[in-house]
Amino acid sequence: MSTLEIKDLHVSIDTEQGNIPILKGVTLTINTGETHAIMGPNGSGKSTLASTIAGHPRYKVDSGSITLDGEDVLSMSVDERARAGLFLAMQYPVEVPGVTMTNFLRTAKTALEGEAPSLRHWTKDVKAAMSQLRIDADFAQRNVNEGFSGGEKKRVEILQLELFRPKFAILDETDSGLDVDALKVVSEGVNREHSKGEMGTLLITHYTRILRYIKPDFVHVFVAGRIAEEGGPELADRLEEEGYDRFTAQSAVEA
Amino acid sequence: MAETTHTEFPPNTAPESEVTDLGDLDEKARLGAPSGASAAIDGLTEEGETLSPRNAGSEQFGLKKHSHGNAPVVPEASRGERRRSFDLADFPTLTGLEEDWRFTPLKRLRGLHTDALTGAAPAVEVTGAGNVTVETVGRGDARLGTAATPEDRVSAAAWNAFTGATVITIPKETVADGEVMVSVTGSASEAAAQHILIRAEAFSKAVVVLDHSGSVTLAQNVEIVVGDGAELTVVSVQEWDDDAVHVSSQQAKVGRDARYKHVVVSLGGDLVRLTPSSIFTAPGAEVEMYGLYFADAGQHLEQRLLVDHAVPNCKSRVTYKGALQGKDAHTVWVGDVLIRKAAEGTDTYETNRNLILTDGARSDSVPNLEIETGLIEGAGHASATGRFDDEHLFYLMARGIPEKDARRLVVRGFLTEVIQQIKVPALEERLSESVERELAAGNL
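Residues numbered from 1 in each chain as written. Chains lettered and ligands numbered in written order. Predicted model: local features only at pLDDT ≥ 70, side-chain atom pairs only at ≥ 80, totals over all residues.

K.L.:
I'm lost on the nonpolar core in this one. Help?
P.N.:
When a protein is soluble and globular, its nonpolar side chains tend to lie buried together. Of all hydrophobic cores here, the largest spans 191 residues; its most connected members are Phe 87, Leu 88 and Ile 170 of chain A together with Val 180, Val 208 and Val 226 of chain B. Tallying contributions element by element places strand E7 (residues 205-226) of chain B first for this core, with 12 residues. (Core = buried A, V, L, I, M, F, W, Y, C linked by C-beta atoms within 7 Å. Buried ≥ 20, exposed ≤ 12 C-beta atoms within 10 Å, placed from the backbone. Helix = DSSP H or I, 4+ residues; strand = E, 2+ residues; numbered from the N terminus.)

Here it is, written out as structure tokens:
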């Protein structure tokens, strides 16, 4: 049982127009076995939270803390965070020239585990996971994400999730740009891993659509860099009916 | 003639230029240049009436035609028309404006293009195969100069200056009983010339490795004859010391139904400029040309190759890959493929890929394809230069891979494709290690 704890997190980015605060005090605790959905309108800071947890250099933490089982995540480098058990399924996975999927997956697994996986089992695991996610076998020989469609890239992110078996998975708008079939395939992958009971999931999404396939235990609504409302799955249903208008109107008044 | 990359006039002319006031011509060349030196009408360009008095007269863009003097050079209309001569006087003094020298920093040639090449040539030692003939011959040997004719000033200077040549012959119908290792070891910095002739006689089979190391200022001609039905691989490895300057023409004449593979591996040296050519002389032959180069800070690694499809039914494949790291690392790749009118049934494809690993490096890539007949199997080319940036790094690190390993993973993967083509396990291993050392040296 692990705990990822985010306390009063303030994050900003440096732009040509100066420093812009994005997260203005986010507090959130996720335990193994739980699925938290973070929902909110564009620009509310959802993806910033995801990237900050993973350690993207663009985001500057001004105050607050992130800990994993009491360990200070913010003092870890990006790769140390991954090795500590954090996994970010990226919104826009980049194409990496010169590295085949096979080579990449094996190198990452080796780095994460501290030793090379047994080749025979590993090859079998990769094949099985690829086939479950309906990823064509010849993708293994292609360069990471190179020439993959948007949907293929998202499937490959979930493939990594299933193979790397993190303590906490942060899914940054994994659902965006997916058609219904791909959304189901991707959701099944997340559910398969989650059902093993050894992972906590932070699901970041703009739409309620994916919540039909991945059932959240908690829903947090992000508005203007803060959590505006929290609740159970019923909050997602309400959002589906009402949209974000009531929150955005409210924050406009506050501003 | 279809030429996809314009080569009329260098937009970024080298600073060594002795002609200083060509700015307006440069502009005109870019705007109105026809894709060849088609008959220029007196006083009229594609833009209309000439505006500059300089353009009066019958010369293109006001420039003078080839002369033996110091005048600017009119670029050839076709790669096939490039001057070929053993006479140094046929090549005007270089200004840096020439199409084929425009990327080369002449000042760093250490006199190879201006001086008499009187220094001691680097030592040549040939080992590895017992059934291959190795001779050292004088200038007068009739076999020299039969496969290659100099195409530029440095090559012509080397031809005129060498004193003795190394001739390696793989006899008719002989399979070399080992890899022919030709160690070329330099230990002097005076400008020198060298001549090597590799003759693969009919139906012979061999791998010849030119292994360059040490310190040199060297103008080199490597002449290669691939006899009918022969199967020859020539690997040219440049692992020179940091101060070396090496300019090498490596021309191959490829016979009927022959298989010729040429591999360039350029890692060490201050300035390395290779011009490998494959010239088909009879139908049915296949050529593969591979290249791998890895430039560090300040290094200039240049390769200009030519595949001359002059006869029908030949096939060529070209794959060059380069990595760059550090300030002022500069690589140049120019791939000229010429399909002449007679070369029906030609099948050709050339690719260049570059990977820029740090800021401050520069990679030039110019694929040129000239097609003079439509009756071909296929002709294509591709060039892409990408950079390894913070987002790639973040992606790999977010999967647990430490920064150093992430960079190495990318470069290794990128370059391995070419190393694997060498098919000499010991050499492949050595070169993989060399690439690792390059990576380590760059603090990656």
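K.L.:
Explanation requested: the pairing of strand E10 (residues 259-268) of chain B in the structure shown.
P.N.:
Walk down a regular strand and you will see the side chains alternate between the two sheet faces. All names here are of chain B. In terms of burial, E10 is largely enclosed, as nine of its 10 residues are buried. Across nine bridges, the pairing between strand E8 (residues 231-240) and E10 is parallel. Bridge pairing in E10 places Gln 238 opposite Ser 266. (Pairing = 2+ DSSP bridges.)

K.L.:
I tried to follow the environment of Leu 105 of chain A on my own but got confused; where do I start?
P.N.:
Residue and element names in this part refer to chain A. Mapping Leu 105 onto the fold places it in helix H3 (residues 101-113). Judged by the 25 C-beta atoms lying within 10 Å of it, Leu 105 is buried. A sequence separation of 17 residues divides Leu 105 from Trp 122, and the C-alpha atoms of the two residues are 9.7 Å apart. When neighbours within four sequence positions are excluded, Leu 105 is seen to be in contact with Val 126 and Leu 163. (Contact = placed C-beta atoms within 7 Å.)

K.L.:
Whenever I open this one, the interface of chain A and chain B confuses me. Can you help?
P.N.:
Interfaces are often sized by the amount of accessible area the parts lose when they come together. Counting residues at the interface gives 21 residues for chain A and 20 residues for chain B. Across the side of chain A that touches chain B, the residue classes break down as 13 nonpolar, six polar and two charged. (Nonpolar A, V, L, I, M, F, W, Y, C, P; charged D, E, K, R; others polar.)

K.L.:
Could you clarify how one ought to interpret the confidence of the model for chain B in this entry?
P.N.:
Per-residue pLDDT for chain B averages 85, and the proportion of residues at 70 or more is 82%. When the criterion is pLDDT under 50, residues 1-69 of chain B qualifies, and its contacts beyond four places in sequence or with other chains add up to 95 contacts. (pLDDT = per-residue confidence, 0-100.)

K.L.:
How should the packing of helix H4 (residues 119-132) of chain A against helix H5 (residues 150-164) of chain A be read in this particular structure?
P.N.:
How two helices sit against one another is set out by the angle between their axes and by the gap between those axes. All names here are of chain A. Contact geometry of H4 with H5 gives a least axis separation of 10 Å together with a crossing angle of 140 degrees. Comparing the axis directions of H4 and H5 gives the class oblique. Two packed elements cross with a definite hand, and for H4 against H5 that hand is right-handed. Taking contact as the criterion, the partners of Asp 125, Val 126, Ala 129 and Met 130 in H4 are, on H5, Leu 159, Glu 162 and Leu 163. Across the contact of H4 with H5, the residue classes tally to five nonpolar, no polar and two charged. (Axes fitted to C-alpha atoms, helices over the stretch in contact; angles between N-to-C directions. Parallel < 35°, antiparallel > 145°, perpendicular 65-115°, else oblique. Left-handed = near helix turned anticlockwise from the far one by under 90°.)

K.L.:
Please clarify how the packing of helix H3 (residues 390-397) of chain B against helix H4 (residues 403-419) of chain B should be interpreted in this entry.
P.N.:
Residues and elements named next belong to chain B. The N-to-C vectors of H3 and H4 enclose an angle of 115 degrees; their axes lie 9 Å apart at closest approach. Looking at the two axes, H3 sits roughly perpendicular to H4. Considering only the axes of H3 and H4, their crossing is right-handed. On H4, the residues touching His 392, Leu 393, Leu 396 and Met 397 of H3 are Glu 403, Ala 406, Leu 409 and Val 410. Looking at the contact of H3 with H4 residue by residue, the class counts come to six nonpolar, one polar and one charged.

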